[in-house]
Amino acid sequence: MKKVAVIGGGAAGCMAACAAAGNGAQVTVFERQDKCARKIYATGNGRCNLTNLCRKKEAYHTQADPECAERFHALWDGRASDAVMSFFESEGVLLHDRAGYVYPRTEKAETIAQALLKRMHRSGVQCVPDTRICAAVYEEKQFLLQTNAGRLSFDRLIIACGGKVSRAFGCTGDGTALAKGFGLSCVPEVPALVPLLTADPAIKAAKGVRTAAQVRIADACETGEVQFTETGISGIPVFQVSAAAARRLSNGKQTTAVINFLPEYNAKQALAIFRRHEQLCYEDPDATLHSLFDGIVPSGIASFLIRRNGFSDEKKIRNLDDRERVCRKLLCGLLRTEIGITGTAGFERAQVTSGGVRLSQISENFEAFRRKGLFLAGEVLDLDGICGGYNLTLAMYSGMQAGRTAALT
C-alpha cells in the first residue's frame, strides 16, 4: 500500500485525498488550519458555485505556457466538470444549475465541504491539522517532510496548499516555495478576480453605482454589471479582466481600463441617442450638463464623466462657449472612457492567484516531469479561471487526477 502525503486540506487537497484513498493508498493530509475544507465554506459567498456547464477554453488563463495548457483540455471539453458533479452526486449531494452555474441544491457551501470530509473519513484518510510543512525533499526513493512535529516519509507527495489568496485560511504561497525546492520553476504570482484601483479623483462621484458596461484591458474584455467604489472599479466584468491588469502592473507597464457604458448599442445607434438628448437640452434654457445624461446612465456616472472633464454638474448648457463640442465630447465618453489603473486591491481581496508552477513541467495527470511521484494540484499551478465555478473545477479535478495517479502508479 502506497503512503501518500497531501499538503493542504482545501478543495484540491481534499479531493486528492479522496481519490488516492479510493484507489488503495494510505493517505495523510497536512493542513495549517484547525480543520480541513475551511475555505470551501466561504466559497461563492457561502453558496459554492461548484462548476459550470458552459465549457470553454477561454475560461482558463496561464501566464507563461499557453501552448502547454492544451494538455489540460478536460477542463473545457466537459470531462472535468462531469467528473466533479459525478463525485458529489455519488455522495448523495443534489445539484442544480442556474443558467449553467452549478450549485448544491441546498445553496450551502457546507454541503460540499461536508461531503468531502465524510468521504475522507469513510476512506480512512488521516487529517493532521495545525501543521505546517517546513521543508520537503526526495531521498532514497522517499519524500521526506519536515513538519513542526517531526520528520515523516512517504512514497508519493501531492502539493495542494493553494496560492497567496485568503491568508486567513492559511494560504501564504508555501506551495510554490516547496515546488522550487524540487527544482521546479514558477511564474510570479499576482492577484486575480480582484477589484482594480485608480488615482482618478473624479471616480468618487460614482461611488456606489452599479451599471451595465464593457471593460477592456489590453486584449481582455468583458461585459456585465460594473461597480464603482471610492477608489476604483469592481464587479464581475472587472474581476474577469483583473488578471491582465495585474500582470501588466507587475511588469511595470502602463495599464488603462477602457469602459463603454453603452455596450448594447453600436456607434450609429449611440450617436442618434446623443443627438436626441442634445436637442432636448438645447430647447430647455435651464438644462445643465447633468441633464445630458438623463435617462441614459445613473446620476453618479454622469457626474463622473462631467467632473473628469473639468466641469460642474450644474453648469448651464446655454452658458457654454462651444456647447456642441463640449456636449458631444461628454456624451462620447459614454462609448469610451479611459481610466488609469494604478493597482489591484491585493491578495486579501482577490478570489484566486494567477501564476505559480509552470505548466510545461506538469503532465496531464498533474505529475512533475522531473520528479516522478510528485504531484501539484489546484491554485499552486500557473492556471486560473474566470468567475463561474471554473477555479473550483480546476482545483477538484486536478486533485482527483493527482490522487488517483499517485495511488496507482
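One can find the structure itself at the top, above this paragraph.
In short, a report on the structure. (Residues numbered from 1 in each chain as written. Predicted model: local features only at pLDDT ≥ 70, side-chain atom pairs only at ≥ 80, totals over all residues. Heavy atoms only, no water.)

## Let's talk about the pairing of strand β14 (residues 210–217)
Inclusion rule: Only protein chains enter the calculation, and the probe is 1.4 Å; a residue is then buried if its accessible area is under 20% of its type maximum, exposed if over 50%, and partly exposed in between. Comment: elements are numbered from the N terminus, with helices defined as DSSP H or I runs of at least four residues and strands as E runs of at least two. Strand pairing is assigned whenever DSSP identifies at least 2 bridges connecting the two strands.
Along β14, the buried face is formed by Thr 211, Ala 213, Val 215 and Ile 217; none of Arg 210, Ala 212, Gln 214 and Arg 216, which line the opposite face, is buried. Across eight bridges, the pairing between β14 and strand β15 (residues 220–228) is antiparallel. Among the inter-strand pairings, Ile 217 is bridged to a residue of β15, identified as Ala 220. Linkage of β14 to β15, two consecutive antiparallel strands, is achieved through a turn of two residues, within which Ala 218 is found at a positive phi near 55 degrees. By the bridge criterion, three bridges tie β14 to strand β17 (residues 256–260) in an arrangement that is antiparallel. Residue pairing in the sheet places Val 215 in a bridge with Ile 259 of β17.

## What about the sheet that holds strand β13 (residues 196–197)?
Worth spelling out the cut-off: In this description, contact between two residues means that some pair of their heavy atoms is separated by no more than 4.5 Å. Fitted lines through C-alpha atoms give the axes, limited to the stretch in contact for helices. The angle between two N-to-C directions lies from 0 to 180 degrees.
With antiparallel pairing, the seven strands of this open sheet are ordered in space as β18-β17-β14-β15-β16-β13-β19. On the outer flanks of this sheet lie β18 (337–340) and β19 (343–344), each paired with one strand and no other. Two strands pair when backbone bridges link them, and β15 and strand β16 (residues 232–234) are joined in this way by two bridges, in the antiparallel orientation. Looking across to β16, one finds that Phe 228 is bridged to Ile 233. Taken strand by strand, helix α7 (residues 236–250) contacts β13, β14, β15, β16 and β19, and its axis lies near 115 degrees from that of β15.

## So, the side chain of Ser 354
Examined against the element boundaries, Ser 354 turns out to sit in strand β20 (residues 352–357). Classification of Ser 354 by relative accessible area gives buried; the value is 0%. Once residues within four sequence positions are removed from consideration, Ser 354 is found in contact with Gln 63, Pro 188, Glu 189, Val 190, Ala 192, Ala 243, Arg 247 and Asp 384.

## A few points about helix α8 (residues 267–282)
Worth spelling out the cut-off: By this rule the span expected of a helix is its residue count minus one, scaled by 1.5 Å. In this description, the arc belongs to the directions extending from the helix axis to the C-beta atoms.
In this model α8 runs 22 Å from its N-terminal to its C-terminal C-alpha over 16 residues, within 8% of the 22 Å that 1.5 Å per residue would give. The complete set of buried residues in α8 reads Ala 270, Ile 273, Phe 274, His 277, Glu 278, Cys 281 and Tyr 282. Buried positions in α8, seen along its axis, are confined to an arc of 165 degrees and lie on one side of it. Set apart from the buried face of α8 by more than 90 degrees, the exposed residues are Lys 268 and Leu 280. In this structure, the buried residues of α8 make contact with α10 (323–332).

## Structural notes on the sheet that holds strand β5 (residues 95–98)
Spatially, the three strands line up as an open sheet ordered β3-β6-β5, and their pairing is antiparallel. If you trace the sheet from one side to the other, it starts and ends with β3 (51–52) and β5, each paired once. As judged from the four bridges shared by β5 and strand β6 (residues 101–104), these two strands associate in the antiparallel manner. In the sheet register, Asp 97 faces β6, and the bridge partner there is Val 102.

All we've got here are geometric facts, nothing functional implied.
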